[in-house]
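Chain by chain, the residues:
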Amino acid sequence: MISTYIVAEYESTDKRVEVTYIDENNFEHKRTVNIPHLEDGSVDENYFQEILDGQLRGVENKLKVGVITFTDPNESVGIAST
């Protein structure tokens, strides 16, 4: 079960932002989410929240069926030790 998610900082001109989902073990799953804009260039906050809600439901469903994994943020990935 996902306990929370964090949206990285973004500017109103950004087109995408990274969202980190955190499960009950404090493991993480990250994905990039599109940021919708209004005609005047500002972020469409209502639609953006709908996107975030939908992404959360999608991540939860994929987690239930085992098609995504969460990783320990304290583990080094891809770093060779000598």
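Structure first, text after, so check above.
Here the structure is a predicted model, which is why all the values come from computation and not from measurement.

Chemist: Talk me through the pattern of salt bridges; I want residue IDs and the actual numbers.
Modeler: Inspection of the entire model under this criterion finds two salt bridges. Close ionic contact of lysine 30 with glutamate 18 constitutes a salt bridge, the shortest N to O distance being 4.0 Å. On the criterion of sequence distance, the pair formed by lysine 30 in strand β3 (residues 28-34) and glutamate 18 in strand β2 (residues 16-23) is long-range, its members being twelve residues apart. For glutamate 28, the salt bridge identified is with lysine 30, shortest N-O distance 3.9 Å. In this structure glutamate 28 comes out as partly exposed when scored by relative accessible area, which is 22%. Residue lysine 30 is classed as partly exposed on the basis of its relative accessible area, which comes to 45%. Connected through shared salt-bridge partners, Glu18, Glu28 and Lys30 make up one network.

Chemist: Just give me the short version of the sheet that holds strand β1 (residues 2-7), but keep the residues and values in it.
Modeler: Read from one edge of the open sheet, three strands run β1-β2-β3, paired in antiparallel fashion. Sheet topology places β1 and β3 at the edges, where each strand pairs with a single neighbour. Along the sheet, successive strands turn relative to each other by an average axial angle of 25°, direction set aside. With five bridges connecting them, β1 and β2 associate as antiparallel partners. Bridge pairing in β2 places valine 7 opposite valine 19.

Chemist: Which residues make up the environment of leucine 63, and what are the values?
Modeler: Position of leucine 63 relative to the elements: it lies in helix α1 (residues 45-65). Expressed as a C-alpha distance, the spacing of leucine 63 and glutamate 11, which sit 52 residues apart in the sequence, is 30 Å.

What counts as what
- Residues numbered from 1 in each chain as written.
- Predicted model: local features only at pLDDT ≥ 70, side-chain atom pairs only at ≥ 80, totals over all residues.
- Heavy atoms only, no water.
- Salt bridge = Lys/Arg side-chain N within 4 Å of Asp/Glu carboxyl O.
- Helix = DSSP H or I, 4+ residues; strand = E, 2+ residues; numbered from the N terminus.
- Buried < 20%, exposed > 50% of the residue type's maximum accessible area, 1.4 Å probe, protein only.
- Pairing = 2+ DSSP bridges.
- Axes fitted to C-alpha atoms, helices over the stretch in contact; angles between N-to-C directions.

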